[in-house]
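# Close look at the chain arrangement
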Amino acid sequence: MEIRCSSTTARDWSGDALVVGVFSGDAGQGMRDLLAERFGNALAQRLEQRRFQAKPGESASLELLNHSPSSLIVVGLGAPADFGAEQLRSAAATACRLAASAGAQQLGLALPVEGLEPAAAAGAMAEALRLGLFADQRFKSDPEPRPQPQAVELLGLPAAALADCQGAVANSAALCSGVELARQLVAAPPNVVTPAALADTAAQLARSFQLELKVLERSDCEALGMGSYLAVSQGSDLPPKFIHLTYRPSGPATRRLVLVGKGLSFDSGGYNLKTAGSQIEMMKYDMGGSAAVLGAMRAIAELKPEGVEVHMLVAACENMISGGAIHPGAIVTASNGKTIEINNTDAEGRLTLADALVYACKLEPDAVVDLATLTGACVIALGEEIAGLWSPSDGLAQALLQASEQAGEHLWRMPLRASYREGLKSGLADMKNTGPRPGGSITAALFLQDFVDPTVNWAHLDIAGTVWSDKGRGLDPAGATGFGVRTLVNWVRSGGPA
Ligand code: 4TL
Ligand code: ZN
Ligand code: ZN
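Keep in mind that what you see is a predicted model, and the values were worked out from it rather than measured.

Donor atoms from the polypeptide that bind the zinc ion (ligand 2) are Asp267 (OD), Asp346 (O), Asp346 (OD) and Glu348 (OE), placed at 2.0 to 2.1 Å. Because the angles between the six donor atoms bound to the zinc ion (ligand 2) fall within 74 to 175°, the donor set is best described as irregular. Each donor residue of the zinc ion (ligand 2) belongs to the same chain, with the gaps between them written as D-x78-D-x1-E. The metal-metal distance between the zinc ion (ligand 2) and the zinc ion (ligand 3) is 3.2 Å, with Asp267 coordinating both. On the criterion of sequence distance, the pair formed by Asp267 in strand S10 (residues 264-267) and Asp346 in the loop between strand S13 (339-341) and helix H10 (349-362) is long-range, its members being 79 residues apart.

So this is what it looks like as structure tokens:
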């Protein structure tokens, strides 16, 4: 699918299928008049018959006999006051799905971009087109053919901004490849995406994009004293893989950023086994953090930002049950020397992240951001559309919030309330790995903070709710969302911490 930017408008464009966005109420009259002028008054009656009100998400497909375009797809945009980049993305995704299923080859997309930066709007539309059409048929023996438009023209862009817009479209292609990689990794079952498969994915990226890769085996991790991470892994028949992938710019780097992803290729809960209702069959998704950082690295490696060195760390393993699995109540020592009483083997993500964060801080970074499907409590607090953000640094928190809003992903800053650390006190060890149920996502973040050098800029994103969408939303089809990739890439390209 080729995407071109154009200043041609809906009045003049010809091709197979024209998509136009119409605002609800009086604000939509301009576009309705244009359509009547170009395609005749009968069109208005046909929209009337279908009770088309131009609400967001509403659409109508009309065949136009003896016309080029031969079909017209009208999508509702709602009120102009509520219209922004997010509504633009949704409208573009809806339109493209309709046009593709109608078999359109040449598609013209006329959506309003006033009030948005033209290049940002073009990038958002390009993303929506590609990600909205994404379908994963790798595990079907007989995949359905999925028609895709051959060429899409983004219409009505300001002539002076066309070069910028086309640049944004090119960037969005790299971004979408990263998001698609993350979606594929999360959607793939736990017998396919194993810790070794995550390491192989990193190796493929390293080969294709000249990145540096180091994979630490169990013995290497033992030598580094990663007793917390290895405790999680020890019940599995699959060996752990600690993955360290590095992007270095061609010129000098002035900043060093570290992206850490939770990489549990399956989380059974261990001896604190996930019981009925706890969605154990979903727990292949527990490597969503690692998928996000691998996806981000893929995009970064292709976009090649200057001046910034980016390290990706994933302490990949499986949380399983066996005679060798860690006991509830075991006490382990992490690589910073702290001892942890494992009062819940299902709070294993933080145990793997603890050693990864210690390793990250040894790289002397300007900032470390970790992403993890860490707690059920975060899903209860913020739901499926918003990830939790914890950081002691206001500058880093602001930079991430801004990057996420630009990406169309949503974060909400949560408190690192120090007094809640009481909940992690252990009578025997330095701390327990799990606090009381209330504020469970906060104590999880406080646990992680114990493994971060206090002089290092650090942020934690709990993405447990946002990695998977049962129904699909906006430009995300149902299933894996690829959440986090776009936020991370925007953040890295903006230069990292403020
Ligand atoms: C309650 C504890 C502290 C054990 C917890 O938060 N556990 C998380 C875990 O297993 N980390 O390794 C956890 C993470 C996600 C628990 C539940 C979910 C979860 C459960 C669901 F049913 C979902 F739909 C969901 F999105 C996440
Ligand atoms: Zn768990
Ligand atoms: Zn987990």
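This next bit is on the packing of helix H9 (residues 288-303) against helix H14 (residues 485-493). Contact geometry for H9 and H14: axes closest at 8 Å, N-to-C directions at 45°. When the interaxial angle is binned, H9 and H14 end up oblique. Here H9 and H14 pass one another in a crossing that is right-handed. On the side of H9, the interface is formed by Ala292, Val293, Gly295, Ala296, Ala299, Ile300 and Leu303, while H14 contributes Val485, Leu488, Val489, Val492 and Arg493. A class-by-class count of the residues in the contact of H9 with H14 yields ten nonpolar, one polar and one charged.

Spatial ordering of the open sheet is given by S1-S6-S5-S2-S4-S3, a layout of six strands whose pairing is mixed. If you trace the sheet from one side to the other, it starts and ends with strand S1 (2-5) and strand S3 (59-63), each paired once. The sheet shows a mean angle of 20° between the axes of neighbouring strands, direction not considered. Note: strand S2 (residues 17-22) against strand S4 (residues 71-76), six bridges, orientation parallel. The residue of S4 that forms the bridge with Ala17 is Ser71.

In the vicinity of ligand 1 there are 19 residues, among which Asp267, Lys274, Gln279, Asp346 and Glu348 approach most closely. Contact distances for ligand 1 include 3.0 Å between an oxygen atom and a side-chain N or O atom of Lys262. At 2.8 Å, a side-chain N or O of Lys274 approaches an oxygen atom of ligand 1. If ligand 1 stood free it would expose 580 Å²; the protein chains cover 75% of that surface. Where the shell around ligand 1 is concerned, the elements lending two or more residues are H10 and helix H11 (376-382). Of the residues assigned to the shell around ligand 1, the class counts are five nonpolar, seven polar and seven charged.

This paragraph deals with the side chain of Thr466. Its place among the elements puts Thr466 in the loop between strand S18 (458-462) and strand S19 (468-469). Each residue touching Thr466, except ones within four places of it in the same chain, is listed here: Glu384, Glu385, Ile386, Ala387, Arg473, Thr481 and Phe483.

Right, let's talk about unusual backbone geometry for a bit. That bond from Ser68 to Pro69 is cis: its omega, 5°, falls within 30 degrees of zero. Not every positive phi belongs to a glycine, and Asn66 is a case in point at roughly 55°. The residue Asn66 is located in the loop between S3 and S4 in this model. The class of Asn66 is exposed, set by a relative accessible area of 81%. Its identity is not glycine, yet Glu364 carries a phi of approximately 50°, on the positive side. Secondary-structure assignment places Glu364 in the loop between H10 and strand S14 (367-372).

Calculation criteria
Residues numbered from 1 in each chain as written. Chains lettered and ligands numbered in written order. Predicted model: local features only at pLDDT ≥ 70, side-chain atom pairs only at ≥ 80, totals over all residues. Heavy atoms only, no water. Donors = N, O, S within 2.8 Å, 3.2 Å for Na, K, Ca; no water. Tetrahedral: all angles 85-135°; square planar, octahedral: opposite > 155°, others 65-115°. Helix = DSSP H or I, 4+ residues; strand = E, 2+ residues; numbered from the N terminus. Axes fitted to C-alpha atoms, helices over the stretch in contact; angles between N-to-C directions. Parallel < 35°, antiparallel > 145°, perpendicular 65-115°, else oblique. Left-handed = near helix turned anticlockwise from the far one by under 90°. Contact = heavy atoms within 4.5 Å. Nonpolar A, V, L, I, M, F, W, Y, C, P; charged D, E, K, R; others polar. Pairing = 2+ DSSP bridges. Near = heavy atom within 4 Å. Polar contact = N/O pair within 3.5 Å; in protein donor to acceptor, adjacent residues only side chain to side chain. Areas by Shrake-Rupley, 256 points an atom, 1.4 Å probe, with all protein chains shown as cover. Buried < 20%, exposed > 50% of the residue type's maximum accessible area, 1.4 Å probe, protein only.

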